[in-house]
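Breakdown of the fold
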Amino acid sequence: MQKNSLLPNKAEPGDATQKNVNALPTMTKATKPSDLPGSLSSPIRVVVAEDSTICRKALVSLLEKSPGIQVIGTANNGAEAVRMVQRLKPDLVTMDINMPVMDGYEATRQIMKETPCPIVMISSNFDGIHTFDALKAGALTVLKKPTAGDSPEMQAALVSQVRLMADVKVFRHWPGERNKNGRTPLAPKAPPTDVFLPAGIRPRLVAIAASTGGPGALASVLRPLPADFPVPILVVQHISVGFASSFATWLDRQVALSVRIGRQDEEPKPGEVLIAPDHCHMGINKKGRIVLQDKMPKENICPSANFLFQSVANAYGAMTIGVVLTGMGDDGADGLQAMHEKGAYTIAQNKETCVVFGMPAVAIERGVIKQVQPLDQIGSTLARLAQA
C-alpha cells in the first residue's frame, strides 16, 4: 500500500488561536492552585530554551510571576539547553522546536537519554507532524507559544500545565540507533528464548495500549513488523479530541504496516493497525468486528485501554496478545487481567525504557504480565509470537 505523503486537512478543536496544542489529554488532577506542584519554599525549577529574545523574555516573565515557579536558566539553542540541564538539573524544561545549532527535537532526545527530566515543547508550530515528532523525541506535551494577545485564562492554562508536567516522574529514554542515513534500522533485537504460545494456539489479534510517551513507543514497536504481518493490530493511544487522525497519518509514515482510524463494524485485516478514535472507545466483538462505544458521563478516560483489552479477552480468549506501553495512571490493568485469566500472552514495557512508568507498573504489580521487556525487544517478540 502506498503511504500518504500529506497530512489530511483538519480543523483543530475549537479556535486554534486560543487553544494550547496538546495532543495528549490535558492533565486535570489538580483543580485549584493549592493542589498544584510548586511552592514558595520548594519552587519548580525551570530552564527555558528559546532562541527569540522577545519570546524568551515573555515566557520567563509569565512563569516567574507565578508563585512557586523559578526560572533558573535560559538557553538560546538546543545545545546550550542540553548543557544547562546537565549542570542545573531542573525540574522541567520548556523547549522551542526551531532553534539554531541544535533544534528542540535533538535537544529533547539528548536530555531524555543523558539527564531525563520533564520536557514541554512550546512552539508556534502545532500541526500533526511537529506535535507527534515532539512526543516521539520524548516531550510530555506540546503547548502553543504564548503571545501578547493571550487572555489571562490562556496564560493561566499554560502555567497550570507546566506545574502539572513538572510533577511527572520520567525515566531515561533511549532513542533507536540510527544508520548513516538517519533512519532507524529495521532489524529487531532477538527476543528472549522463552517467548512461546501454548501448543496449538495461533494468535488472531494484537491489542496495544499507551498514554504519555506512547507515540514514539508505538512507532518503535511497530517499525520492525513487515507489511504482511499475519494478524491485525488494534491500538488505544490516550489522545485529545481532534488529534487521532493526525496521529494515525503520522504513524502510518513511520512503519510498513497500514495505519488508520478504526471504523464501526469493520473486520480488521492482517497487516492493518487500527487506531481507536479520540472521541469513543474501541473494541472487538465475537464476530471479529470493530465495536465503537461512546464515553459514559462518569468515565475519565476515552478511549479506554480496559475497554479494548476486555473486549479482546471476551472475543478471542487465549488467541490474543496484549501489550501495555509507557503512560500515566492504571488504565489497562483490569483488561490485561481479563486477558491473562483467559490465557492470552501479555507484555509490558520495562521501567528503564518508559517515559512514564505508570500503566505498565500497575499491570506488572497485578501479576498479569507474562513478559516485561525493553521497548526495542517488543516488536521482535510480536513477530515471533505471530508466527507461532
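Values in this document were obtained by computation on a predicted structure and should not be read as measured data.

1. Quick look at the overall build of the protein
- Scanning the protein from N- to C-terminus turns up 11 helices and 14 strands.
- Among the 388 residues that make up the protein, the fraction classed as buried is 53%.
- In the protein, once contacts between residues fewer than 6 apart in sequence are set aside, the share between residues at least 24 apart is 74%.

2. Focus: the sheet that holds strand S13 (residues 345-349)
- Spatially, seven strands are ordered S8-S9-S7-S6-S12-S13-S14 in an open sheet, and the strand pairing comes out parallel. The two strands at the open ends of the sheet, each matched to only one other strand, are strand S8 (258-261) and strand S14 (371-373). When the angles between neighbouring strand axes are averaged without regard to direction, this sheet yields 20°.
- By the bridge criterion, five bridges tie strand S6 (residues 205-210) to strand S12 (residues 320-324) in an arrangement that is parallel. Bridge pairing in S12 links Ala207 to Gly322.

3. Side note on the sheet that holds strand S2 (residues 69-75)
- Taking strand neighbours across the sheet as the criterion, the five strands line up as S2-S1-S3-S4-S5 in an open arrangement whose pairing is parallel. Strands with a single pairing partner mark the edges of an open sheet, and in this sheet they are S2 and strand S5 (141-144). The sheet shows a mean angle of 25° between the axes of neighbouring strands, taken without regard to direction.
- With six bridges connecting them, strand S1 (residues 44-49) and S2 associate as parallel partners. Its bridge partner lying in S2, Ile44 is registered against Ile69.
- Across the sheet, helix H1 (residues 53-64) is in contact with S1, S2, strand S3 (92-95) and strand S4 (119-123); its angle to S2 comes to roughly 160°.
- Sitting on the sheet, helix H2 (residues 78-88) touches S1, S2 and S3, and the angle it makes with S2 is about 135°.

4. Section: the confidence of the model for the protein
- Across the protein, the average pLDDT comes to 85, with 81% of residues at 70 or higher.
- Across residues 26-35, confidence stays below pLDDT 50; counting only partners more than four residues off in sequence or on other chains, it has 12 contacts.
- In this model, residues 176-191 is a region of pLDDT below 50 whose contacts with residues beyond four sequence positions or in other chains number 21 contacts.

5. Re the pattern of salt bridges
- Per the stated rule, a full pass over the model turns up seven salt bridges.
- Close ionic contact of Lys145 with Asp96 constitutes a salt bridge, the shortest N to O distance being 3.3 Å. In this pair, Lys145 sits in the loop between S5 and helix H5 (152-166) while Asp96 sits in the loop between S3 and helix H3 (104-114), placing the two residues 49 residues apart along the sequence.
- Taking the relative accessible area as the measure of exposure, Lys145 reaches 13% and is therefore buried.
- Since its relative accessible area comes to 4%, Asp96 is described here as buried.
- A salt bridge links Glu266 to Arg260, with the nearest nitrogen and oxygen atoms 2.5 Å apart. This pair shows no difference in class: Glu266 is buried, exactly as Arg260 is.
- In the salt-bridge network here, residues are joined through shared partners; they are Arg260, Arg263, Glu266 and Glu272.

6. With respect to the nonpolar core
- Core analysis: the largest hydrophobic core is formed by 46 residues, its most contacted members being Leu63, Met95 and Met121.
- Counting residues in hydrophobic clusters, the runner-up holds 37 residues, among them Ala219, Ile233, Val235 and Leu385.

7. Here's the deal with the packing of helix H4 (residues 128-137) against helix H7 (residues 244-254)
- The contact between H4 and H7 brings their axes to 9 Å, and the two run at 65°. One element, H4, and the other, H7, form an angle in the roughly perpendicular class. Along this stretch, H4 crosses H7, giving a crossing that reads as right-handed. In this structure, H4 contributes Gly128, Ile129, Phe132, Asp133 and Lys136 to the contact, and H7 contributes Ser246, Phe247, Trp250, Arg253 and Gln254.
- Residues of the contact of H4 with H7, tallied by class, amount to four nonpolar, three polar and three charged.

8. With respect to the packing of aromatic side chains
- In total, this model carries three aromatic pairs according to the counting rule given.
- Judged by centre distance (6.0 Å) and plane angle (35°), the rings of Phe132 and Trp250 are tilted. With Phe132 in helix H4 and Trp250 in helix H7, this residue pair connects regions lying 118 residues apart in the sequence. By the burial criterion, Phe132 is buried, and Trp250 matches it.
- Between Phe247 and Trp250 the ring centres are 6.2 Å apart and the planes differ by 20°, which places this aromatic pair in the stacked class. Of the two residues, Phe247 and Trp250 are both situated in helix H7; the distance of three residues between them amounts to about one turn of the helix.
- For Phe247, a relative accessible area of 0% corresponds to the buried category.

9. A look at unusual backbone geometry
- In this structure, Pro303 follows Cys302 across a cis peptide bond, with omega equal to 0°.
- By secondary structure assignment, the location of Pro303 is in the loop between strand S11 (290-294) and helix H8 (305-316).
- Here Val101, not a glycine, exhibits a phi torsion of approximately 70°, which is positive.
- Within the secondary structure, Val101 sits in the loop between S3 and H3.
- Backbone geometry places Asp265, a non-glycine residue, at a positive phi of 70°.
- Tracing the chain through its elements places Asp265 in the loop between S8 and strand S9 (272-275).
- With a relative accessible area of 44%, Asp265 lands in the partly exposed category.

Analysis parameters
Sequence order sets the numbering: in each chain, residues are counted from 1 along the sequence as written. The model is predicted, so local features are restricted to residues of pLDDT at least 70 and side-chain atom pairs to those at 80 or more, both for listing and for counting; the totals for chains, interfaces and linings are taken over all residues. With hydrogens and water set aside, each side-chain value is computed from the structure's full complement of heavy atoms. Each helix is a run of DSSP H or I of at least 4 residues and each strand a run of E of at least 2, with the numbering of both proceeding from the N terminus. Summary of the burial criterion: residues with accessible area below 20% of their type's maximum are buried, those above 50% are exposed, and those between are partly exposed, where the area comes from a 1.4 Å probe applied to protein chains only. In what follows, residue pairs with any heavy atoms lying within 4.5 Å of each other are defined as contacts. Paired strands, as defined in this entry, are two strands with at least two bridges between them according to DSSP. Note on method: axes are straight lines fitted to C-alpha atoms, helices fitted across the in-contact stretch only, with angles between N-to-C directions ranging 0 to 180 degrees. Note on scores: pLDDT gives the predictor's confidence for each residue, bounded by 0 and 100. Only one rule defines a salt bridge in this text: a Lys or Arg side-chain nitrogen within 4 Å of an Asp or Glu carboxyl oxygen. Buried Ala, Val, Leu, Ile, Met, Phe, Trp, Tyr and Cys residues that are joined via side-chain atoms within 4.5 Å together make up what is termed a nonpolar core. Roughly parallel refers to an angle under 35 degrees, roughly antiparallel to one over 145, roughly perpendicular to one between 65 and 115, and oblique to any angle outside these ranges. Crossing handedness is defined as follows: a turn of the near helix away from the far one that is anticlockwise and smaller than a right angle gives a left-handed crossing, while the clockwise case is right-handed. Amino acids outside the nonpolar list (Ala, Val, Leu, Ile, Met, Phe, Trp, Tyr, Cys, Pro) and the charged list (Asp, Glu, Lys, Arg) are all regarded as polar, and Gly is one of them. Only Phe, Tyr and Trp rings are paired, with Trp represented by its six-membered ring, and only when their centres lie within 6.5 Å; those with planes under 30 degrees apart are stacked, over 60 edge-to-face, the remainder tilted.

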